[in-house]
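Fold and geometry: a report
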Amino acid sequence: MSAALSGRRVAYLNVRLLDPATGLDMPGQILTEGGRILDIGAKLFEPTLFKDDMPDGAEGIDCKGLCLAPGLVDMRVQLREPGEEHMENMASASQAAAAGGVTTMVALPNTQPVIDDVSLIEFVARRAREVGITRIRTYAALTKGLQGKELTELGLLTEAGALGFTDGTQAIVNAVTLRRALSYGRMFDRMVIQHPEEPSLARDGVMNEGEIAARLGLSGIPACAEVMMIERDLRLVELTGGRYHVAHISTSESVAAIRRAKRQGLAVTCDTAPHYFALNETAVGDYRTFAKLSPPLRDEMDRRAIVDGLADGTIDAIASDHAPHDQESKRLPFAQAAFGIIGLETLLPLTLELVHNGQMTLLHALGALSHRPARMLGLDCGRLAKGAPADFILFDPDRPGRIDVTRMRSKSKNSPFDGRPVQGSVWRTVMGGRTVFDADAPKQARGSRGD
Amino acid sequence: MTAPRPDGARRYPYRHLLGIEGLSPDEIHFLLDRSESYVEQNRRADKKGNSLRGRTIINLFFENSTRTRTSFELAGKRLGGDVINMSVSTSSIKKGETLIDTAMTLNAMHPDVLVVRHSDSGAVRLLAEKVNCAVINGGDGSHEHPTQALLDALTIRRRRGRLDGLTVAICGDIAHSRVARSNIHLLTTMGTRVRVVAPPTLLPAQIERFGVEAFTDMRRGLAGCDIIMMLRLQTERMKGSFVPSIREYFHFFGLDRDKLAAAKPDALIMHPGPMNRGTEIDSEVADDIDRSLIQEQVEMGVAVRMACLEVLAENLPDPSLRNAP
């Protein structure tokens, strides 16, 4: 007997259903049974009738007109486990994710040891089960030890559960390696994910090249370092017919190159992160290391192009690019500080800024956070449909608040958004039919086994 | 191309055997028929013939080989010829210049047939242009290995009675294999349906233009096949460049009982040797006497090489012979 058949039923009443997969946006109800969605619609049952019909132990929740959308699928997260658990681990990241409305995280393989072997994929799966708060999947390294030379066992890793292949925060530089990866990877229908940066141009750079870098006396990374790598790679995609995904694009030229490639019909997708549409290079200000990112925050024209790329669908997804770092990694001279910021708990409110500014519709924005990454990764979640996993969030898109790092669940606090006024907050996060975050009852946010 | 068919016994109208590409079905059948006549002779106690008496055959191997060289040596000796083996290490010499110098030197000794193996594609043809004798390609780079294709065809024809109408899957490192190319040319010429099965990294570009169907899923590629030809995967291609590892290669492309079940129930297995057990083929399958033709291929190899040496020697005095193919 499966859990779904024997599981308890929960009805979420009086919600605004938002399903980016189908474009559904209407008031209604949703009924879960065990870990799955049993039914969904405008009127599944009359409230009175419902009370009578429900089996023993069934629960009805009045959601007071809040938005109900698929749980967010964050396709780019660094978990730091195994190896650097002092910065983050799967439990702390899962709590942060649940609080941010993220029900599925996809981890980068740049841990210690590197996830380049079947046994490490299995380790991640086991730890995810033990923590049991969010779904945690992982990419595998494209090359052994992220050395950029020898391909990993793409086939065996796919069978073990790897969702894609990437060298994480390092670009796949060698053209032959990438060619073979794209070609060989065709057998397994998994994406090869590129960190788009020509490393020889970026070598000593610590921020975007331009006036601000010049004034601060910091060495710059030219914006073209990104599009150069993308354009080279697109030739290889054309040659091999492989599936190629560009992570965290940040420049206007990159958006244009991918827009052209998509028109050409190539199997190309891309994502960006909130900081590339919510901030520009001026955030570096007075050597703020929390604004040190890779790729670096770009100029205002680039930032606007990222917004446009999201609005017209050139950019498929928004990922948090969650990169926890402890104070020792960031409280340093700018040039020596680590790249990256945390993002799980700011992913939704920062994305909603685009909605409040009229740049994206709510459904489109939610799609970039859930349905579209799920579809690219071949996951069953990211949609509200009968039989789909009961992964969803209840949220108020308009509720005002301020980002406060002291209240964040992540072990690391390296966010440049501290104090930023935002609108929109998660009230409840449901994963596999279980409430894994409840804003009204923080103590219940701890997940438990047994779904 | 259409080959002229002069009256009489001679139906292989060329001076050399440099490749299968371009040969006609009649020419191939002629070589196979001639080979067939030696199979019985090779099984007798007295295996000696004399049709090559007085002829000098030089095995000129620029690349290591045991079985092909031995097979040619035996073939020449069984027909009464004088066989000399010359192994030249390519690493110790400058290629090109030395290849031609070697050819000129040997030519001056008036051999009748040169059997040449070289690690560079096209090297045997280059050498053939510089000598007066007949040349058999014993394998050139990733280009052709015509006697291997002939012995494979003879093995299949004896077992199945025909070549046309069968479906043959060639599996493994197609990109670097001369055995694959010669077999593709021969089998497609004879009306056999040919499939190639390999990871995309080991399939040459535009392989469909050879008239074959390409598969990257081995079970789908083997479905309904009469014959499975496995190829050797060179060790230097296994570790992370063309394929990630031996275990992954074996998991997806190694012939084991499980994948074999996708082929016809009576499908036969071939391998040009030497085998990498546990890389491209499981020992259980390779040693299955009901399914594996691997030993028979070796036996047919001697008969085919006797026929080829004899036919080329017969053609030698005729100055009107054309050079190609």
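Residues numbered from 1 in each chain as written. Chains lettered and ligands numbered in written order. Predicted model: local features only at pLDDT ≥ 70, side-chain atom pairs only at ≥ 80, totals over all residues. Heavy atoms only, no water.

Residues and elements named next belong to chain B. Reading across the sheet, the 4 strands line up as 2-1-3-4 and stay open at both edges, with parallel pairing between neighbours. Of all strands in the sheet, those with a lone pairing partner are strand 2 (82-87) and strand 4 (134-140), marking the two edges. Shown here is a sheet whose adjacent strand axes are inclined to one another by a mean of 15 degrees, direction ignored. Judged from the 5 bridges that link them, strand 1 (residues 56-61) and strand 3 (residues 113-118) form a sheet pairing that is parallel. Within strand 3, the position partnered with Ile-58 by the bridge is Leu-114. Lying over the sheet, helix 11 (residues 294-315) contacts strand 1, strand 3 and strand 4, oriented at roughly 150 degrees with respect to strand 4. (Pairing = 2+ DSSP bridges. Helix = DSSP H or I, 4+ residues; strand = E, 2+ residues; numbered from the N terminus. Axes fitted to C-alpha atoms, helices over the stretch in contact; angles between N-to-C directions. Contact = heavy atoms within 4.5 Å.)

This part covers the pairing of strand 8 (residues 227-230) of chain B. Residue and element names in this part refer to chain B. Of the two faces of strand 8, both are covered, the one formed by Ile-227 and Met-229 as well as the one formed by Ile-228 and Met-230. The pairing of strand 5 (residues 167-171) with strand 8 spans 4 bridges and is parallel. Looking at strand 8, one finds that Cys-171 is bridged to Met-230. In this sheet, strand 9 (residues 268-270) lies alongside strand 8 in parallel orientation, the contact comprising 3 bridges. Each residue of the ladder has a partner; that of Ile-228, found in strand 9, is Ile-269. (Buried < 20%, exposed > 50% of the residue type's maximum accessible area, 1.4 Å probe, protein only.)

Bringing the nonpolar core into the picture now. Membership of the largest hydrophobic core comes to 191 residues, with the highest contact counts inside it found for Phe395(A), Leu150(B), Ile170(B), Leu186(B) and Leu255(B). It is helix 11 of chain B that contributes the most residues to this core, 12 residues altogether. Two domains each donate at least three residues to this core, and these are domain 1 (3-68 + 389-400 + 419-438) and domain 2 (70-377) of chain A. Not counting residues up to four positions away in its chain, the partners in contact with Ile170(B) are Ala180(B), Asn183(B), Ile184(B), Val194(B), Arg195(B), Val196(B), Val197(B), Met229(B) and Leu231(B). Counting residues in hydrophobic clusters, the runner-up holds 19 residues, among them Tyr12(A), Leu384(A), Ala390(A) and Leu394(A). (Core = buried A, V, L, I, M, F, W, Y, C linked by side-chain atoms within 4.5 Å. Domains from an automatic or database assignment.)

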